[in-house]
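# Per-entry structural report
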Amino acid sequence: MKIIVCIKQVPDAKDVRLDPETNTLAREGVQSIMNPYDQHALEEAVRLKEQLGGEVTVLSMGPPQAVDVLRQAISCGADHGVLVSDRAFAGADTWATSYTLAKAVHKIGDFDLILCGKQAIDGDTAQVGPGLAIQLDIPFVTCVQKVREASGTELVMERMMDDGYDVVAVSCPALLTVVKDLNEPRVPSLKGKMKAKKAEFKILSAEDIGADSSCIGLPGSPTQVVDVFPPPPRGERAILTGSIEEQIEQLVEKLAVYL
Amino acid sequence: MLIVDSELCIGCGVCEDNCAFGAIEVVDGCAVVSDACTLCGSCVDSCEVEALKIEGGEKSVQVDLDSWKGVWVYCEFRAGALAPVSLELLGAGRKLADARGVPLSAVLIGADTGESAEKLIGHGADTVYRIDNQALTYFTDESYGAVLTDLIKAHKPEIVLAGATAIGRSFIPGVANSLGAGLTADCTQLDIRADDGALLQTRPAFGGNIMATIVCPSSRPQMSTVRPKVMQALDFDEARQGEIVDVAPDPASLQTKVRVLESVISEQDNVNIQESDILVAGGRGLDSEKGFKLIRELAASMDGAVAASRAVVDAGWIGYPHQVGQTGKTVAPKLYIACGISGAIQHVAGMQSSETIVAINRDEDAPIFDVADFGIVGDMFEILPLLISKIEGKRGS
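Residues numbered from 1 in each chain as written. Chains lettered and ligands numbered in written order. Predicted model: local features only at pLDDT ≥ 70, side-chain atom pairs only at ≥ 80, totals over all residues. Heavy atoms only, no water.

### Focus: the sheet that holds strand E7 (residues 80-84) of chain A
What counts, and what does not: Pairing between two strands requires that DSSP report at least two bridges joining them. In this text, helices come from DSSP runs of H or I with a minimum length of four residues, and strands from runs of E with a minimum of two, each type numbered from the N-terminal end. To get an axis, a line is fitted to the C-alpha atoms, and for a helix only the part in contact is used. The angle between two axes follows their N-to-C directions and goes from 0 to 180 degrees.
The strand order E13(A)-E7(A)-E6(A)-E1(A)-E8(A)-E12(A)-E9(A)-E10(A)-E11(A)-E17(B) describes an open sheet built from ten strands, whose pairing is mixed. Looking at which strands have only one partner, the edges of the open sheet turn out to be strand E13 (202-204) of chain A together with strand E17 (258-265) of chain B. Going across the sheet, the axis of each strand differs from the next one's by a mean of 30°, ignoring polarity. With five bridges connecting them, strand E9 (residues 140-150) of chain A and strand E10 (residues 154-161) of chain A associate as antiparallel partners. Bridging across to E10 of chain A, valine 147 of chain A finds its partner in methionine 157 of chain A.

### A short note on the packing of aromatic side chains
Residue and element names in this part refer to chain B. As a reminder of what qualifies: Working definition: rings of Phe, Tyr and Trp (its six-membered ring) pair if their centres are within 6.5 Å, and the pair is stacked with planes under 30 degrees apart, edge-to-face with planes over 60 apart, and tilted otherwise. Whether a residue is buried, partly exposed or exposed follows from its accessible area with a 1.4 Å probe, protein chains only, as a fraction of its type maximum: under 20%, in between, or over 50%, in that order.
Tallied over the entire structure, the rule returns seven aromatic pairs over all chains. Ring geometry for tyrosine 74 and phenylalanine 171: centres 5.0 Å apart, planes at 75°, overall edge-to-face. Taken together, the residues tyrosine 74 in strand E5 (residues 71-75) and phenylalanine 171 in helix H6 (residues 168-179) connect sequence positions 97 residues apart. One exposure class covers both tyrosine 74 and phenylalanine 171, and it is buried.

### Quick look at the interface of chain B and chain A
Note: interface size is frequently given as the accessible area lost on complex formation between the parts. Put simply, the rule reads: Contacts are assigned to residue pairs with any non-hydrogen atoms lying within 4.5 Å of each other. Note on definitions: buried area is the accessible-area loss of two parts on being combined, 1.4 Å probe, summed for both. Take a side-chain nitrogen of Lys or Arg and a carboxyl oxygen of Asp or Glu: if they are within 4 Å of each other, that pair is a salt bridge. Under this definition, polar contacts are N or O atom pairs within 3.5 Å; protein pairs additionally need one hydrogen-donor-capable and one acceptor-capable atom, and for neighbouring residues in sequence, both atoms have to be side-chain atoms.
Each partner contributes residues to the interface: chain B has 110 residues there, and chain A has 90 residues. A combined buried area of about 8,800 Å² lies between chain B and chain A, and 58% of that area is made up of carbon and sulfur atoms. Along the contact surface separating chain B from chain A lie eight salt bridges. As a salt-bridge pair, lysine 180 of chain A and aspartate 314 of chain B come within 2.9 Å of each other at their nearest N and O atoms. Taken together, the links from chain B to chain A amount to 31 residue pairs in polar contact (both at pLDDT 80 or more).

### Observations regarding the domain arrangement of chain B
Condition: Note that domain bounds follow an automatic or database assignment of domains.
When cut into domains, chain B gives domain 1 (2-54), domain 2 (65-254) and domain 3 (273-396). When each unit is reduced to the centre of its C-alpha atoms, the spacing between domain 1 of chain B and domain 2 of chain B is 39 Å.

### Concerning the pattern of salt bridges
All names here are of chain B. As enumerated under the stated definition, the model contains 29 salt bridges over all chains in all. Arginine 240 is paired through a salt bridge with aspartate 126; the nearest N and O atoms lie 3.1 Å apart. Highlighted residues: arginine 240 in the loop between strand E15 (222-226) and strand E16 (243-246) and aspartate 126 in the loop between helix H4 (116-122) and strand E9 (127-132), separated in sequence by 114 residues. Since its relative accessible area comes to 25%, arginine 240 is described here as partly exposed.

### Observations regarding empty space enclosed by the protein
For clarity, the cut-off: Throughout, the protein atoms alone are placed on a 1 Å grid, and a set of points is a cavity if a 1.4 Å probe fits but cannot get out or a pocket if it is open with protein on both sides within 12 Å along at least five of seven lines; lining residues have an atom within 4 Å of a point. Grid points are joined across faces, edges and corners, and a volume is the space filled by probe spheres set on the points. Under this grouping Gly is polar, as are all residues other than the nonpolar Ala, Val, Leu, Ile, Met, Phe, Trp, Tyr, Cys and Pro and the charged Asp, Glu, Lys and Arg.
For the coordinates displayed, the defined rule picks out eight cavities of 30 Å³ or more. As a volume, the largest cavity reaches approximately 480 Å³. Forming the walls of the largest cavity are 35 residues, and the residues nearest its centre are Lys118 and Gln119 of chain A together with Arg169, Gln274 and Gly328 of chain B. Broken down by secondary-structure element, the contributors of at least two residues to the lining of the largest cavity are E9 and E10 of chain A together with H6 and strand E13 (199-205) of chain B. Its residues placed into classes, the lining of the largest cavity shows 13 nonpolar, 15 polar and seven charged. Looking at which domains feed residues into the lining of the largest cavity, each of domain 2 (65-254) and domain 3 (273-396) of chain B gives three or more.

See the structure below:
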């Protein structure tokens, strides 16, 4: 089974915060990590490969330093890594990103399955996975929480819904987005780390993937950001005082409107 | 691409300070742009000497933007019921439609929808497009997506709203992508821009640490998903008049490659925490599954639902659908009571938009108190039983 896993390099959530003085993202010492959901997508791909044979290619779009997450993916069991990187991609929204990834997938060639994380923790949109499937004209299933059966040609899985889950079947090729209940990602093995160290990656530009310049980056994006601002402040921390009994008394008073 | 005119740039650094993404740095007296640039344009506005500009061709503007008219709401219907967010969106859509002077339409897709269409009219819709077909009993991205896409192409609404639910967040991105339309996820605020009637879509980014306002300048429809509990539904008005239009789906739309074998409604804790007004959330501070029972009791005492931090879900005390935070659900209830939750940014990202936040924790330095409106420092096992009995007493009286 040929599997492509889309992964994104994102700032580590615990480091990202807005500087209240300057109203900008404090960026001192912000670490970059592989998007957490994508780690589960990668793990599932490696498990399917171990079960059914085949190979796993990881695909990322981002600045040159995003090869770090490709390297990490190799250490966790991926076979190949491809990065699409070009200044012309700057300002891409989810439509332009889906288009760019679809072009890159065509360049990679045949595949049976594409796995993506449900969403990236920096953008939280959950739009690129379905968008990529539409661009490739293949069926997609979002929020997969369990793969029940997999053969080289068909998958049966559980997709998370708000009120439970649906059991669905789909024939390959297909695209799945996954949630973290799916599996427990492995830690890299020593052998994997050695392989990652030596790995080399294809870096593809807009021209390499044959992208139409009106469909990528800012010009290719139907949505545009017109303003960025901090959320309204929540006010001062208000810790109640007095004996526990008194504090609870006060709290119940304050919450009366909700009771 | 962001262009810096090195002749004009005076190296003042104002742009550097204005960049939310850390993509500009002043090097040797001149601004230098890195790959982190998202072309948001904040720096261009901030530059007093006009040394910065964004170049590289605007997306070709659709020639007929004005021929797209009307506000639409996709009204989710599943397992015999309308999702509450559908009615909230009709409330929001009504305001947008009135501001634009256009009609508000609802799209109802499903099987055996009963009186749902009438209900949608009573809550603000002028027209309901009803696609009621047995083949649509189960949701699939393909069938629901094809039906909605065909309708949008036929009627050309300027705005399409949908709930940011499991269903909305799954198939709406596919619809937007196939239409080439702009879609903004998880909006918390929607307005009409006075000068050109464009939809201003505001959403949290970076886990709620920053808000962004987004427009779709050159394409239609303008599409948004909106979180449950953010917008206000209109009261049901039986006297409201509207038109119900039954639409027969194209048989080709009903052919899907994904087959639903079974739809399992969760028996235990069958509640969508995103739709609850009151959430009581427990964290590691409850010590054990037994301790976590206090959370269930407190929630029951105030007719709330149970939520949890990641640690609790990982420990198996409650299922993943109850997890709040960056890798769980984002919630915005009227009241959120966090018990024994330290308040790591990953958790706070999922609940900081709640109307009122109460934190109970034994560590007074826990960051959860920074977002709390009311906090109590102390032992969970002393506080919670007392609180439960006080609330029961108050509600009983």
